[in-house]
Amino acid sequence: MKPFYYATMTFGCQMSESDAEHFAGQLEQLGGTRAASWEEADVVVMNTCCVRESAEKKIFGKIGELKKWKLDKPERILCITGCLAEKDGEKLLKRAPHIDLVLGTQQIPAFGSLLREFADNRLKRTITGEAVAAGDDCVDQAARRSDVTAWVPIMHGCNNFCTYCIVPYVRGREKSRPQSDILAEVRQAVQDGYKEIYLLGQNVNSYGKDRGEEQAFAALLAAVDQVAGVERIRFMTSHPRDMTEEVLRVIANGRHLSKQIHLPVQSGSTSMLKRMNRGYTREDYLALIAKVRQYLPTATLTTDIIVGFPGETEEEFADTMSLVREVQFDMSYIFLYSKRSGTPAAAFENQLPLEEKKRRFQALNGLQSEISLQLNRQMLGQLLPVLVEGPSKNDQRVLTGRTDGNKLVLWPDTGRHKVGDLAKIRITKAQTWLLKGQEADDDKPELYANDGAIQEH
Ligand code: 5AD
Ligand code: SF4
């Protein structure tokens with residue numbers, strides 16, 4: 001292809017971010033340069049999500065916005081990829097004929113070949129389902145967006161079929177990458193200067209099971225921890241049913257494994273969990289949390305919760321409220337149930353009115369905000385290693401970064417630190433969703449009891 005400018009747009013989860021980096025990598029191998037804005041691009045790849053209706057609405061809005069861009073210069077190429085492309089396929093082209101290519105979630109390795117083919121013959125295509133053979137045009141390698149974090153997918157797909165969730169239908173069955181491939185990617189990322197490795201999968205705790213390996217995730221974590229030069233390792237998402245003590249033990253003994261666990265509970269009610277097909281009870285979940293606390297007493301704990309699942313009674317919702325109160329999550333990502341056609345829950349009776357879902361969201365969000373603020377206040381005065389991510393979007397004189405527990409910290413830039421440094425920050429102000437602090441590199445030596453804090457002697 002002739003040299004060109006490209007833009008990628010991403011909707012949805014970190015896996016979607018990571019996939020977009022793979023599209024970008026192939027675009028660069030084909031001669032593409034990232035455009036300053038999508039308006040200036042010759043090729044736009046929109047990597048989509050369909051987990052909730054709200055995501056779809058946003059995406060359709062954006063596709064509409066791109067109509068003028070495409071019609072102004074018809075030689076431009078608009079490619080829709082990812083989960084919504086997989087789900088709606090041909091329908092997208094019918095609805096928005098200014099789209100050129102619709103490529104489903106399995107087509108990433110072949111993307112470069114398909115794009116080049118389109119540039120040559122200009123034949124609009126929709127390809128979903130099973131992977132088409134990978135072309136030899138480009139090696140599938142990520143062009144990473146962050147200067148600090150390298151997203152590393154360790155597996156694709158999901159076998160769980162939670163009754164509300166569309167993911168298993170659009171991302172297919174679990175397929176783990178070989179450990180050697182993952183380690184090679186991690187080593188390369190470290191060599192390229194990335195400080196944080198984020199291992200990704202819809203259900204990382206079942207890593208390797210599709211290849212008949214048990215405890216493979218714990219082994220993988222331990223192996224990544226051994227990679228020379230690696231600074232911080234995080235992972236998501238864990239399924240409570242598959243989380244093992246071995247994984248907790250490996251984290252507890254790890255050198256660079258962040259003490260941060262994202263453990264989606266979805267509901268605090270056993271009857272709801274059953275209707276959601278989650279495979280654990282409220283008591284199972286609480287017992288698992290007790291284990292997490294036993295192995296990792298200082299860990300940051302976050303969760304996902306759905307409110308207004310079909311038939312959710314007041315009592316069942318009250319169970320969720322009480323579980324949140326009991327566990328004291330650092331943060332809960334709360335979602336209004338969204339009906340996804342084709343999933344079992346879409347056909348369940350007693351779909352709740354939007355107003356009721358919103359009321360429950362407000363109540364739960366209010367509770368979580370109080371807890372988050374309280375927990376953040378406990379961090380006041382602590383001296384913590386913070387990985388510098390860059391200047392704040394709102395104020396260039398302020399730096400942002402994250403603690404080992406993944407809490408966002410803001411502090412005045414003194415010019416001493418650059419992106420990717422581990423700064424020592426004294427926490428001076430606690431807000432609900434973030435912490436503020438001061439650089440404290442010259443602080444007198446102190447000893448902190450907190451495990452996550454810097455120990456100085
Ligand atoms: N409606 C609302 N939230 C959903 N999630 C998944 N499917 C749906 C749905 N149909 C949420 C779950 C999951 C997170 C990524 O998205 O909480 O953990
Ligand atoms: Fe969806 Fe459940 Fe799989 Fe998560 S574990 S992707 S919620 S089906």
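What counts as what
- Residues numbered from 1 in each chain as written.
- Chains lettered and ligands numbered in written order.
- Predicted model: local features only at pLDDT ≥ 70, side-chain atom pairs only at ≥ 80, totals over all residues.
- Heavy atoms only, no water.
- Near = heavy atom within 4 Å.
- Polar contact = N/O pair within 3.5 Å; in protein donor to acceptor, adjacent residues only side chain to side chain.
- Areas by Shrake-Rupley, 256 points an atom, 1.4 Å probe, with all protein chains shown as cover.
- Helix = DSSP H or I, 4+ residues; strand = E, 2+ residues; numbered from the N terminus.
- 1 Å grid on protein atoms, 1.4 Å probe; cavity = no way out; pocket = protein on both sides within 12 Å on 5 of 7 lines; lining within 4 Å.
- Points joined across faces, edges and corners; volume = space filled by probe spheres on them.
- Nonpolar A, V, L, I, M, F, W, Y, C, P; charged D, E, K, R; others polar.
- Domains from an automatic or database assignment.
- pLDDT = per-residue confidence, 0-100.
- Contact = heavy atoms within 4.5 Å.
- Phe/Tyr/Trp six-rings, centres within 6.5 Å; stacked < 30°, edge-to-face > 60°.
- Buried < 20%, exposed > 50% of the residue type's maximum accessible area, 1.4 Å probe, protein only.
- Axes fitted to C-alpha atoms, helices over the stretch in contact; angles between N-to-C directions.
- Parallel < 35°, antiparallel > 145°, perpendicular 65-115°, else oblique.
- Left-handed = near helix turned anticlockwise from the far one by under 90°.
- Expected span 1.5 Å × (residues − 1).
- Pairing = 2+ DSSP bridges.
- Salt bridge = Lys/Arg side-chain N within 4 Å of Asp/Glu carboxyl O.

Caption draft 1: Main features of the site of ligand 1. Looking at ligand 1, the residues that line it are V51, R52, Y164, Q266, D304, I306, F335, L336, Y337, S338 and R340. Between Y164 and ligand 1, the recorded distance is 3.0 Å, taken from a backbone N or O atom to a nitrogen atom. Coverage of ligand 1 by the protein amounts to 85% of the 400 Å² it exposes when considered alone. Among the elements of the structure, β13 (300-307) and β14 (331-336) are those that each provide at least two residues to the shell around ligand 1.

Caption draft 2: Structural detail: the layout of surface pockets. By volume, the second largest pocket amounts to about 910 Å³. Going through the elements one at a time, α1 (14-29), β9 (175-176) and α7 (179-191) are the ones with two or more residues in the lining of the second largest pocket. Split into classes, the residues belonging to the lining of the second largest pocket amount to 10 nonpolar, 10 polar and 11 charged. Looking at which domains feed residues into the lining of the second largest pocket, each of domain 1 (4-127) and domain 2 (149-377) supplies at least three.

Caption draft 3: Local environment of the confidence of the model for the protein. Mean pLDDT over the protein works out to 94, with 95% of the residues at or above the 70 mark. Within the model, the stretch residues 444-457 combines pLDDT values under 50 with 32 contacts to residues more than four positions away or in other chains.

Caption draft 4: Expanded view of the packing of aromatic side chains. The full count for this structure, using the stated rule, is 9 aromatic pairs. Both rings, one in Y285 and one in F329, keep their centres 6.4 Å apart while their planes meet at 50°; by these two values the pair is tilted. With Y285 in helix α11 (residues 282-295) and F329 in the loop between α12 (314-327) and β14, the pair connects residues that are 44 residues apart, well separated along the chain. Judged by relative accessible area, F329 falls into the buried class, the value being 0%.

Caption draft 5: Layout of the packing of helix α9 (residues 245-253) against α11. In the contact formed by α9 and α11, the axes pass within 9 Å of each other and the chain directions differ by 25°. Relative to α11, the element α9 is oriented roughly parallel. Between α9 and α11 lies a crossing whose hand is right-handed. Two secondary-structure elements touch here, α9 through E245, L248, R249 and A252 and α11 through K291, V292 and Y295. Class assignment of the residues belonging to the contact of α9 with α11 gives a composition of 4 nonpolar, no polar and 3 charged.

Caption draft 6: Geometry of unusual backbone geometry. Following M236, the chain continues to T237 via a peptide bond in cis, the omega torsion being 10°. Inspection of the secondary structure assignment puts T237 in the loop between β11 (232-236) and α9. Residue Q328 is not a glycine yet carries a positive backbone phi of 60°. In this structure, Q328 sits in the loop between α12 and β14. With a phi close to 60°, N350 is a non-glycine residue in the positive phi region. Note that N350 resides in the loop between β14 and α13 (354-377).

Caption draft 7: Representation of the side chain of S176 in the model. Turning to its location among the elements, S176 is positioned in strand β9. In this structure the side chain of S176 is engaged in a polar contact, spanning 2.9 Å, whose partner is the backbone nitrogen of G208. Reaching out from S176, the side chain makes a polar contact with the side chain of D210 at a distance of 2.5 Å. Apart from residues no more than four positions distant in its own chain, S176 is found in contact with I154, M155, Y207, G208, D210 and R211.

Caption draft 8: Fine view of the site of ligand 2. Close to ligand 2 lie C158, N160, F161, C162, Y164, C165, V167, P168, Q202, H239 and R278. Its residues assigned to classes, the shell around ligand 2 comprises 7 nonpolar, 3 polar and 1 charged.

Caption draft 9: Focus on α1. Look at α1: 23 Å from first C-alpha to last across 16 residues, which is about the 22 Å you get at 1.5 Å a residue. Following α1 by one or two positions, G31 has its phi on the positive side, about 105°.

Caption draft 10: Seen up close, the sheet that holds strand β7 (residues 149-153). With respect to topology, 3 strands assemble into an open sheet ordered β7-β10-β11, the strand pairing being parallel. If you trace the sheet from one side to the other, it starts and ends with β7 and β11, each paired once. Within the sheet, the average angular offset between the axes of one strand and its neighbour, ignoring direction, is 20°. Pairing of strand β10 (residues 196-200) with β11 involves 5 bridges; the strand directions are parallel.

Caption draft 11: How the structure looks around the domain arrangement of the protein. Examined at the domain level, the protein breaks down into domain 1 (4-127), domain 2 (149-377) and domain 3 (383-451). Domain 2 and domain 3 are separated by 26 Å when their C-alpha centres are compared. Contacts between domain 2 and domain 3 engage 19 residues on the former and 19 residues on the latter. The interface formed by domain 2 and domain 3 contains 1 salt bridge. The partner of D330 in a salt bridge is K407, and the shortest N-O contact between them spans 2.7 Å. Remark: the boundary between domain 2 and domain 3 carries 12 residue pairs in polar contact (both at pLDDT 80 or more). Those elements that place two or more of their residues in the side of domain 2 that touches domain 3 are β10, β11 and α13. With 6 residues, the single largest contributor to the side of domain 2 that touches domain 3 is α13. Among the residues making up the side of domain 2 that touches domain 3, the classes are represented as 4 nonpolar, 7 polar and 8 charged.

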